[in-house]
Amino acid sequence: MSLLITCAVTALFPLIFGFIWYNPKVFGKPWMEGAGLTEADAKTMNMPLVFGLTYVFSFFIALSLHGVTIHQFGAGGLLEPSQGYTDPEGALTTLTDALKLFENKFRSFKHGALHGGLAGVFFILPVIAIDAMFGRKNWKYILINAGYWIISLAVMGGVVCQFSGR
């Protein structure tokens, strides 16, 4: 599947997970408390705009996960003797040969989910926490939002890694 189609489909996951995660029966009520919102506030939001922009931004995230989860962009290093990747039998003489040999290495859902989840923990969690602390939000609010994004990025990373460019 092409990268753009994969990312277009993958960008739907944060919306789907958000409907579940932020449902009042799951984490919606504590999230609203932490955000300082009421149900009346929620009803005044322009939801088509919010959902539309969420989809667009999620598409950008899916595109960036391509580089985070798929490591073949460094295949040129396979031909560098200083990197210790030389082929003693001389089978890898061109970059094209190297790419053919390694094109499907680490192209699994599991690998992508690992790297997507790590991006959530080591990038998104700190960003959310810093922003929330300056906004005087509590840790429950931080963990609810970070948990949502860690799970979303893990699934998105898995799908992007498994299905894009194959």
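Look above for the structure.
Quick summary incoming for the structure in this document. In this text the structure is predicted, and so the values were computed from the model without any measurement. (Residues numbered from 1 in each chain as written. Predicted model: local features only at pLDDT ≥ 70, side-chain atom pairs only at ≥ 80, totals over all residues. Heavy atoms only, no water.)

A short note on the environment of glutamate 33
- Positionally, glutamate 33 belongs in helix α3 (residues 24-35).
- Put simply, glutamate 33 and lysine 140 are 107 residues apart on the chain and 9.6 Å apart in space, counted from C-alpha to C-alpha. (Helix = DSSP H or I, 4+ residues; strand = E, 2+ residues; numbered from the N terminus.)

Considerations on unusual backbone geometry
- Look at arginine 136: it is not a glycine, yet its phi comes out positive at around 60°.
- For arginine 136, the location among the structural elements is in the loop between α7 (109-134) and α8 (139-163).
- Note on arginine 136: relative accessible area 78%, which makes it exposed. (Buried < 20%, exposed > 50% of the residue type's maximum accessible area, 1.4 Å probe, protein only.)

Some remarks on a nonpolar patch on the surface
- Judged by side-chain polarity, Leu12, Ile16, Phe19, Ile20, Val26, Phe27, Met45, Val50 and Phe51 come together as a nonpolar surface patch covering roughly 750 Å² of accessible area.
- Residue position: methionine 45 is located in the loop between α4 (39-43) and α5 (47-69).
- Assessed through its relative accessible area of 39%, methionine 45 is described here as partly exposed. (Patch = residues over 30% accessible without salt bridge, like charges linked within 9 Å, V, L, I, M, F, W, Y side chains within 5 Å. Areas by Shrake-Rupley, 256 points an atom, 1.4 Å probe, with all protein chains shown as cover. Salt bridge = Lys/Arg side-chain N within 4 Å of Asp/Glu carboxyl O.)

Quick word on the packing of α5 against α7
- Taken N-terminus to C-terminus, the directions of α5 and α7 make an angle of 110°; their axes are 9 Å apart at the nearest point. Taken together, the axes of α5 and α7 are roughly perpendicular relative to one another. Contacts between α5 and α7 involve Leu65, Val68 and Thr69 from the former and His111, Gly112, His115 and Gly116 from the latter.
- Counted by class, the contact of α5 with α7 contains 2 nonpolar, 5 polar and no charged residues. (Axes fitted to C-alpha atoms, helices over the stretch in contact; angles between N-to-C directions. Parallel < 35°, antiparallel > 145°, perpendicular 65-115°, else oblique. Contact = heavy atoms within 4.5 Å. Nonpolar A, V, L, I, M, F, W, Y, C, P; charged D, E, K, R; others polar.)

Some points on helix α1 (residues 3-10)
- Inspection of α1 places Thr6, Cys7 and Thr10 among the buried residues, and these make up the whole buried set. For α1, the angular spread of buried residues about the axis comes to 95°, placing them on one side.
- Its buried side turned inward, α1 meets α2 (13-21), α5 and α8. (Arc of directions from axis to C-beta.)

A few points about the nonpolar core
- If you look at the biggest cluster of nonpolar residues, it comprises 18 residues, and the most contacted ones within it are Ala62, Ile142, Trp149, Leu153 and Met156.
- Listed by contribution, the elements that provide at least two residues to this core are α5, α7 and α8.
- Take this core: its biggest share by element is 8 residues, from α8.
- Every residue in contact with leucine 153, bar those within four places of it in the chain, is listed here: Ile61, Leu65, Gly116, Gly117, Ala119, Gly120 and Ile124. (Core = buried A, V, L, I, M, F, W, Y, C linked by side-chain atoms within 4.5 Å.)

Points about the packing of aromatic side chains
- Applying the stated criterion to the full structure yields 7 aromatic pairs.
- Each ring, one from phenylalanine 13 and one from phenylalanine 17, has its centre 5.9 Å from the other, and the planes form 20°; the classification is stacked. With phenylalanine 13 and phenylalanine 17 both in helix α2 and 4 residues apart, the pair spans about one turn of that helix.
- On the numbers, 4.7 Å between centres and 45° between planes, the contact of tryptophan 21 with phenylalanine 27 is tilted.
- Using a relative accessible area of 31% as the deciding quantity, one classes phenylalanine 27 as partly exposed.
- Among the aromatic residues, those joined into a cluster by ring pairs are Tyr22, Trp31, Tyr148 and Trp149.
- Here lysine 137 stacks its cationic end above the ring of tyrosine 141, 5.8 Å away from the centre of that ring. (Phe/Tyr/Trp six-rings, centres within 6.5 Å; stacked < 30°, edge-to-face > 60°. Lys NZ or Arg CZ within 6 Å of the ring centre and 35° of its normal.)

Quick word on α3
- In this model, α3 (12 residues) spans only 14 Å end to end at C-alpha, well below the 16 Å of a helix rising 1.5 Å per residue.
- Those residues of α3 not exposed but buried are Gly28, Met32, Gly34 and Ala35. All buried residues of α3 project into a common sector of 160° when viewed along the axis, lining one side. Away from its buried face by more than 90 degrees, α3 exposes Lys25, Lys29 and Glu33.
- Close packing links the buried residues of α3 with α2, α4 and α8.
- Measuring from the backbone nitrogen of lysine 25 back to the side-chain oxygen at the start of α3 gives 2.7 Å, which picks out asparagine 23 as the cap. (Expected span 1.5 Å × (residues − 1). Polar contact = N/O pair within 3.5 Å; in protein donor to acceptor, adjacent residues only side chain to side chain.)

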